[in-house]
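Tertiary structure, described
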Amino acid sequence: NALVAVHEALHAMAYNSTEIQGGVGTQRRAGLGIYSREGQVYFRKLNEAVTEGLTRRFVNSYFSQIPELAEDLAKRDTLRAKFLKDHPNGIEGINSEPEAIANEISAADEDGDPVFYSYFKERMLLTNLMSHLYKKDPEKYKGDPVLVFEHFGRAALNGRLLDLARSIDDALGKGTFKKLGEVF
């Protein structure tokens with residue numbers, strides 16, 4: 001599956017660090033994820049949400065340029081249109097516009113049923129977090145909410161968390177970044 005390949009390639013391209021002690025390597029960082037010596041992983045869900053967000057951006061920017069994917073994209077688009085026809089008012093219990101839900105359809109499976117982008121819950125939490133950051137300081141993001149996601153994406157790819165941590169703590173209170181790592 002091309003989507004899985006892109007998602008995993010983004011993990012591989014993200015910032016990674018390993019600590020070597022006694023000839024044994026231990027992962028310390030992977031994207032936004034931080035691994036403690038005790039085996040705890042911080043920001044695991046946030047890392048997956050950002051990686052899947054980057055995957056979606058890649059798909060939307062480049063898949064249409066790959067002729068071999070044209071049939072798959074046509075099936076996806078047909079499923080999205082069918083969803084909108086079948087659910088003009090969205091889905092009860094999901095607080096989102098029908099178009100936004102339809103855009104969650106990433107592909108069709110072997111039976112022609114919709115496959116949705118992964119980590120939906122985590123991405124919705126990320127969207128909520130980004131909305132709070134933007135509302136607190138729109139000037140920092142030059143009036144463009146998309147730049148908030150780019151802030152997260154850059155941190156995942158280059159490993160520089162300090163600026164992201166400061167932005168979160170400045171907007172939501174000191175210590176919020178650390179708390180997020182424990183639950184997100």
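Our subject is the structure listed above.
So, a few notes on the structure that sits alongside this text. Keep in mind that this is a model prediction, so the values were computed, not measured.

Reading guide: rules and limits
- Residues numbered from 1 in each chain as written.
- Predicted model: local features only at pLDDT ≥ 70, side-chain atom pairs only at ≥ 80, totals over all residues.
- Heavy atoms only, no water.
- Helix = DSSP H or I, 4+ residues; strand = E, 2+ residues; numbered from the N terminus.
- Buried < 20%, exposed > 50% of the residue type's maximum accessible area, 1.4 Å probe, protein only.
- Contact = heavy atoms within 4.5 Å.
- Areas by Shrake-Rupley, 256 points an atom, 1.4 Å probe, with all protein chains shown as cover.
- Lys, Arg positive; Asp, Glu negative; His and termini not counted.
- Charge placed at Lys NZ, Arg CZ, Asp CG, Glu CD.
- Arc of directions from axis to C-beta.
- Expected span 1.5 Å × (residues − 1).
- Polar contact = N/O pair within 3.5 Å; in protein donor to acceptor, adjacent residues only side chain to side chain.
- Pairing = 2+ DSSP bridges.
- Patch = residues over 30% accessible without salt bridge, like charges linked within 9 Å, V, L, I, M, F, W, Y side chains within 5 Å.
- Salt bridge = Lys/Arg side-chain N within 4 Å of Asp/Glu carboxyl O.
- Axes fitted to C-alpha atoms, helices over the stretch in contact; angles between N-to-C directions.
- Left-handed = near helix turned anticlockwise from the far one by under 90°.
- Nonpolar A, V, L, I, M, F, W, Y, C, P; charged D, E, K, R; others polar.

The next point concerns the overall build of the protein chain. Within the protein chain, the secondary structure is distributed over 8 helices and 6 strands. Mapped from its N terminus to its C terminus, the protein chain presents α and β elements in the order α-β-β-β-β-α-α-α-β-β-α-α-α-α. Expressed as lengths along the three principal axes of its C-alpha atoms, the size of the protein chain is roughly 55 × 45 × 30 Å. Looking at the 184 residues of the protein chain, the share that counts as buried comes to 38%. Taking as baseline every contact in the protein chain between residues at least 6 positions apart, the subset at least 24 positions apart corresponds to 48%. Of the roughly 11400 Å² of accessible surface on the protein chain, a fraction of 52% belongs to carbon and sulfur atoms. One way to put it: in the protein chain the 24 positive side-chain charges average out to a point 8 Å from where the 27 negative ones average out.

Once that is clear, we can look at helix H7 (residues 162-172). Inspection of H7 places Leu164, Ala165, Ser167, Ile168 and Ala171 among the buried residues, and these make up the whole buried set. The buried side chains of H7 occupy one side of the element, clustering within an arc of 160° when seen end-on. Every exposed residue of H7 that faces more than 90 degrees away from the buried side is listed here: Leu162 and Asp170. Structurally, H7 contributes buried residues whose contacts are with helix H5 (120-136), helix H6 (146-158) and helix H8 (176-183). Glycine 173 sits one or two positions beyond H7 and adopts a positive phi of about 110°.

The subject of this paragraph is helix H1 (residues 2-13). Along its 12 residues, H1 runs 16 Å from first to last C-alpha, staying within 8% of the 16 Å computed at 1.5 Å per residue. In this structure, the buried side of H1 is in contact with strand S1 (16-21), helix H2 (44-62), strand S5 (105-108) and H6. Near the N-terminus of H1, the side chain that reaches the backbone nitrogen of leucine 3, with its oxygen 2.7 Å away, is that of asparagine 1.

We now examine the environment of phenylalanine 177. The residue phenylalanine 177 is located in helix H8 in this model. Residues phenylalanine 177 and phenylalanine 43 lie 134 residues apart in sequence; the distance between their C-alpha atoms is 9.6 Å. Leave out the neighbours within four places in its chain, and phenylalanine 177 touches Phe43, Leu161, Ala165, Ile168 and Asp169.

On the basis of which strands lie adjacent, the open sheet formed by 4 strands has the order S1-S2-S3-S4 and antiparallel pairing. Each of the sheet's edge strands pairs with one partner strand only, and the pair in question is S1 and strand S4 (41-42). By the bridge criterion, 2 bridges tie strand S3 (residues 33-35) to S4 in an arrangement that is antiparallel. Bridge pairing links tyrosine 35 to valine 41 in S4.

Attention now moves to a nonpolar patch on the surface. A cluster of nonpolar side chains, namely Ile91, Ile94, Phe120 and Met124, defines an oily patch on the protein surface of about 290 Å² accessible area. On the secondary structure map, isoleucine 94 appears in the loop between helix H3 (70-86) and helix H4 (98-102).

It is the contact of H5 with H6, at a shortest axis distance of 9 Å, that shows an interaxial angle of 115°. Taken as a pair, H5 and H6 cross one another with a handedness that is right-handed. Along the contact surface, H5 presents Leu126, Leu129, Met130, Leu133 and Tyr134, while H6 presents Val148, Phe149 and Phe152. Each residue belonging to the contact of H5 with H6 can be placed in one class, and the counts come to 8 nonpolar, no polar and no charged.

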